[in-house]
Amino acid sequence: MRKKNGIAVLMAAVLTMTSVLPVAGADFSAGAEYVEEPAELEVFVGEEEQKPEEEKPEEMPESEEEAVFSSEVEFTDEEEEPELFSSAAKANTSASKITSCQGYSKGKIRIQAKVAATVKSVDQYYYLFAVNPYTQKLGKKIAKVEKPDGKDKVITFMLETAGHPEYVLSQYAIGVKTKKANKISSYTRISDTSYVSYPEKTASNQDAYALPATKKGLQTTNFQELKNTKSKTAFFNLPVSILLTKNAETVPYKYNGKTYYFNKIGGYTNLVSQCNKNGIQVTGQIILDYTSATKSLTATGRQVSGANYYAWNTKNTASRLKMEALFSFIGELFGSKNCYVSNWILGNEVNTPKPWHYAGNMSKADFIANYSDTFRSLYNAVRSKKAGTRVFICVDHYWNMTVQGYAAKDLVDSFARRIKTLQKGVNWNLAYHAYPFPLTDPRFWSGKNSHLMTNSSSSGVISLNNLNALTNYIKKTYGSNTRILLSEQGFTSTKGQEVQAAALSLGYYIAACNPMVDGFIIRSYADASHEVAQGLAMGIKGKKAFQVFTNMDSSKGLSYTKTYLTKQVGKKWSSKVPNYSTKRLYSMYRVS
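Note that the structure is a prediction, hence the values are computed from the model and not measured.

1. Quick word on the overall build of the protein chain
Line of reasoning, step 1. The secondary structure content of the protein chain amounts to 14 helices and 18 strands.
Line of reasoning, step 2. Relative to its full complement of 592 residues, the protein chain shows a buried share of 58%.
Line of reasoning, step 3. Restricting to contacts in the protein chain with at least 6 residues of sequence separation, those with at least 24 account for 75%.
Line of reasoning, step 4. As displayed, the protein chain has an accessible area near 23100 Å², and 48% of this comes from carbon and sulfur atoms.

Take a look at the structure:
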C-alpha cells in the first residue's frame, strides 16, 4: 500500500529515529547474530501436587520437539495391558469434561473438571497435562490429584505461575495412567482441552487501563518530539530481531524449562519509562522482520522479495515455544508499574499479508488460524503481567476491497469467529488505518471516489469521511468494549501546506468526536525522502501543520485550525464532523 517509516534501533539509552524503509530482510540487529545456548528441559509439577509414591523418573524423548509434546498414548502389540482399578468408565476423551480453566487470582490458575464416573487406570490419580495444541496429544505432566469416590465428581488443580510463565499460555487436558511404564505414552487423555481464560487475573500488576488526556498521538522514538508536539500518546514499532540482538544487554530468560537469551532493549524501556512519568500513553506494534536470528520464527522460513514483515511459525513446537517465550519476556519487560505499554498491536495491516504479514501459500483458513493463535499467545502473555493491557489486531482501509490479500472486514469477522472458539473472554481491539483514498490526495472530504466510500458497512473503503461506517459496525457487532485506535494516519503536503493542515485538523476532530475511537496517531514527524519521491510528504516538521498538530487538542485549538478549515473545507466544516461539540475537541470523549 505504501512504504513505512523506518524502525529506530534503540540500544542502551540512545534514542534516535531513522526514516529509511528497511528492505526485505534488513538486519535490525546491526550484524549481531543471535546465539541460543542449549538448555535441558524440566518436567514441572504443580504446587498443589501431593507427594507421589516412589517411582522412577519419567523417560523423556531426546529431541527437543518430542521432549515437550510426546506422541503416542495407545497400547502397542508388544506391551501387555496392565490390570486396572475396577470401574465402568473407560479411559477416553469423553470420560471427563473441563468446566473451568482460568486465571483465579494473582499468580494462580484454577482448572476444574467434572468426572462422571471413576476412570480406569493403574493408579489412583487424575493428572493434568499440557497438550500440543496442533496434535492434541499429551505433553508435560503438570500436576495430579487423587481420584474422588463416586459419580459426577469435580476435581480441581491449582497452579502457581511464579517461575512458570508458560502455565498461562498452555493448553490443558486431564489424563490417567493406563500403563505401568514411566513414560508419557503410559498416559491416556480423558477430557477435552482448554486454554487459560481471563489471564489478567493472574497478573502481579493489577493497574487498570489508563486513558490519555486526549486522543492525539505521534509515531516516534524521540521523546523530545513528543514533548515538542504536546502529544498524549507515543507509538513505536518493535521489530523482533532487536529482541534477539546479542550484546551487553542480552539476558537469560527461562520458559517451559528452557533458557532463551533476549535483549533488554534499554533504549525502548527508557523511552517508555519517560512517557509513563510524563503521563504519555504508550502503544507498541510487534512486527516480525526477517534476519538470520528470526528465520525459525517465520511461517515461511525463507526470505521473500517484497515482504517486509512475516507471519509467525506456530505449528513447529520449538518455534512456537520460542514465540511464547518472547511474548512473555515482552510482557514482563513492559508490564511493571514504572515501565509499561498500554496497547500492543500484533502485526501491521495483516489483511494485506504479501508486503506486511507474509505467510507464504497458506489458505485463508490457515492464515486466520495462524494469526488467531499468535494473537491469543500475545494476549495471554502481556495481560498476565499487566492486567489492564489492551491487545489489537491491525488492518488497512480497504474495508470490503481485496488488495494483495483479504478485505479488512472479512479478516476482522473471520478472526473474531476463530478467537471466540479458541478461548473464552478474549477482549480484542482494532487498530485501523483510515488513510485518505487515494493516499496522494489528503482532501478526504472532497467527495472524490464517493461511490467507494459510503456510510454503510458494505462500503469498499472506509476513510475518515465515512468513519462512522466502521465504528457503527464494530459497536453493533462486537460491542463498545471493542475499542478502536486510528494507529497510523498521515496527510501529504504535496497539495499544499494549508490543505495538509486542514486535513489534519478535520481528521482529528472526526476522531475526537467519535466515542468508539480512543486514539488518532500520525506516523510522520518529518518527511521521509523515499516517500517524497513517491509524492508523499507526510511530515509536519517545519510546516503549517506543525502548529496545528501541537495545539489542535487544546481549549484554544480552534484559533489554530479554523482558518485552514474554513478556507479549505468550507464555512460549514463542522457539519462534516458527526457528534461535533467544541468541548470534545480537547477532551477524551468515548463510551466505556
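2. Some words on the sheet that holds strand 9 (residues 216-219)
Line of reasoning, step 1. What the eight strands build is a closed barrel, ordered 9-10-13-14-15-16-17-18; its pairing is parallel. In this sheet, adjacent strand axes meet at a mean angle of 30° when their direction is disregarded.
Line of reasoning, step 2. Looking at chain direction, strand 16 (residues 429-432) and strand 17 (residues 484-489) are connected through three bridges and run parallel. If you follow Leu-430 over to strand 17, its bridge partner there is Ile-484.
Line of reasoning, step 3. Where helix 9 (residues 408-422) meets the sheet, its contacts fall on strand 15 (390-395) and strand 16, and the angle it forms with strand 15 comes to roughly 145°.
Line of reasoning, step 4. Contacting strand 9, strand 17 and strand 18 (517-522), helix 11 (residues 497-512) runs over the sheet at an angle of about 160° to strand 18.

3. Considerations on the packing of aromatic side chains
Line of reasoning, step 1. Enumeration over the complete set of coordinates arrives at 33 aromatic pairs.
Line of reasoning, step 2. These aromatic residues form a ring-pair network of at least three members: Tyr-371, Phe-375, Tyr-379, Trp-399, Phe-415, Trp-428, Tyr-432, Tyr-473 and Tyr-478.
Line of reasoning, step 3. Here the guanidinium or amino end of Lys-201 rests over the ring plane of Tyr-198, the centre of that ring lying 5.3 Å away.
Line of reasoning, step 4. Against the face of Tyr-209 rests Arg-390, its NZ or CZ located 3.6 Å from the ring centre.

4. Some words on the sheet that holds strand 2 (residues 108-115)
Line of reasoning, step 1. The three strands lie next to each other as 1-2-5, forming an open sheet whose pairing is antiparallel. If you trace the sheet from one side to the other, it starts and ends with strand 1 (96-105) and strand 5 (153-160), each paired once. Within this sheet the neighbouring strands show an average axis-to-axis angle of 20°, counted without direction.
Line of reasoning, step 2. Alignment of strand 1 against strand 2, held across eight bridges, turns out to be antiparallel. What sits directly across from Ser-100, in strand 2, is Gln-112.

5. Observations concerning the side chain of Ser-459
Line of reasoning, step 1. Relative to the elements of secondary structure, Ser-459 occurs in the loop between strand 16 and helix 10 (467-478).
Line of reasoning, step 2. For Ser-459, a relative accessible area of 2% translates into the label buried.
Line of reasoning, step 3. Among the polar contacts listed, one links the side chain of Ser-459 to the backbone nitrogen of Thr-454, at a separation of 3.1 Å.
Line of reasoning, step 4. Apart from residues lying up to four places away in sequence, Ser-459 is in contact with Trp-399, Asn-400, Leu-452, Met-453, Thr-454 and Asn-466.

6. Details of empty space enclosed by the protein
Line of reasoning, step 1. Counted by the stated rule, this structure contains six cavities of 30 Å³ or more.
Line of reasoning, step 2. Within this model, the second largest cavity holds a volume of roughly 60 Å³.
Line of reasoning, step 3. Lining of the second largest cavity is provided by Phe-437, Pro-438, Asp-441, Arg-443, Phe-444, Ser-446, Lys-448, Met-453 and Asn-465.
Line of reasoning, step 4. Grouping the amino acids of the lining of the second largest cavity by side-chain chemistry returns four nonpolar, two polar and three charged.

7. Focus on helix 14 (residues 558-568)
Each α-helix turn comprises 3.6 residues. Residues three or four places apart therefore point the same way.
Line of reasoning, step 1. Of the residues making up helix 14, those classed as buried are Thr-561, Tyr-564 and Leu-565. Down the axis of helix 14, the sector holding all buried residues measures 100°, keeping them to one side. Projecting away from the buried face of helix 14 at angles above 90 degrees are the exposed residues Ser-559, Thr-563 and Lys-567.
Line of reasoning, step 2. Of the surrounding elements, those touching the buried residues of helix 14 are helix 11 and helix 13 (544-551).
Line of reasoning, step 3. Gly-570 sits one or two positions beyond helix 14 and adopts a positive phi of about 125°.

8. Focus on the pairing of strand 6 (residues 171-177)
A regular strand places its side chains on the two faces of the sheet in alternate fashion.
Line of reasoning, step 1. Within strand 6, seven of the seven residues are buried, which leaves the element mostly enclosed by the surrounding structure.
Line of reasoning, step 2. In this structure, strand 3 (residues 125-131) lies alongside strand 6, joined through four bridges in antiparallel fashion. Counted as the bridge partner of Phe-129 is Ala-173 from strand 6.
Line of reasoning, step 3. As paired elements, strand 6 and strand 8 (residues 194-195) share two bridges and run antiparallel to each other. In the sheet register, Gln-171 faces strand 8, and the bridge partner there is Tyr-195.
Line of reasoning, step 4. Alignment of strand 6 against strand 7 (residues 187-189), held across three bridges, turns out to be antiparallel. What sits directly across from Gly-175, in strand 7, is Arg-189.

9. As for helix 9
Line of reasoning, step 1. The first and last C-alpha atoms of helix 9 sit 21 Å apart over 15 residues, in line with the 21 Å expected at 1.5 Å per residue.
Line of reasoning, step 2. Three or more residues of helix 9 are buried, namely Ala-408, Lys-409, Leu-411, Val-412, Asp-413, Ser-414, Phe-415, Ala-416, Ile-419 and Leu-422.
Line of reasoning, step 3. The inward-facing, buried residues of helix 9 contact strand 8, helix 8 (364-383), strand 15, strand 16 and helix 10.

10. Section: unusual backbone geometry
Line of reasoning, step 1. A cis amide bond links Phe-437 to the next residue, Pro-438, at an omega of 5°.
Line of reasoning, step 2. Positive phi, normally seen in glycine, also occurs at Lys-230, with a value near 55°.
Line of reasoning, step 3. Residue position: Lys-230 is located in the loop between helix 3 (223-228) and strand 10 (233-239).
Line of reasoning, step 4. The exposure class of Lys-230 is partly exposed, given its relative accessible area of 48%.
Line of reasoning, step 5. With a phi close to 55°, Gln-404 is a non-glycine residue in the positive phi region.
Line of reasoning, step 6. Residue placement: Gln-404 occurs in the loop between strand 15 and helix 9.
Line of reasoning, step 7. By relative accessible area, Gln-404 is classed as partly exposed at 42%.

Quick notes on the rules
- Residues numbered from 1 in each chain as written.
- Predicted model: local features only at pLDDT ≥ 70, side-chain atom pairs only at ≥ 80, totals over all residues.
- Heavy atoms only, no water.
- Helix = DSSP H or I, 4+ residues; strand = E, 2+ residues; numbered from the N terminus.
- Buried < 20%, exposed > 50% of the residue type's maximum accessible area, 1.4 Å probe, protein only.
- Contact = heavy atoms within 4.5 Å.
- Areas by Shrake-Rupley, 256 points an atom, 1.4 Å probe, with all protein chains shown as cover.
- Pairing = 2+ DSSP bridges.
- Axes fitted to C-alpha atoms, helices over the stretch in contact; angles between N-to-C directions.
- Phe/Tyr/Trp six-rings, centres within 6.5 Å; stacked < 30°, edge-to-face > 60°.
- Lys NZ or Arg CZ within 6 Å of the ring centre and 35° of its normal.
- Polar contact = N/O pair within 3.5 Å; in protein donor to acceptor, adjacent residues only side chain to side chain.
- 1 Å grid on protein atoms, 1.4 Å probe; cavity = no way out; pocket = protein on both sides within 12 Å on 5 of 7 lines; lining within 4 Å.
- Points joined across faces, edges and corners; volume = space filled by probe spheres on them.
- Nonpolar A, V, L, I, M, F, W, Y, C, P; charged D, E, K, R; others polar.
- Arc of directions from axis to C-beta.
- Expected span 1.5 Å × (residues − 1).

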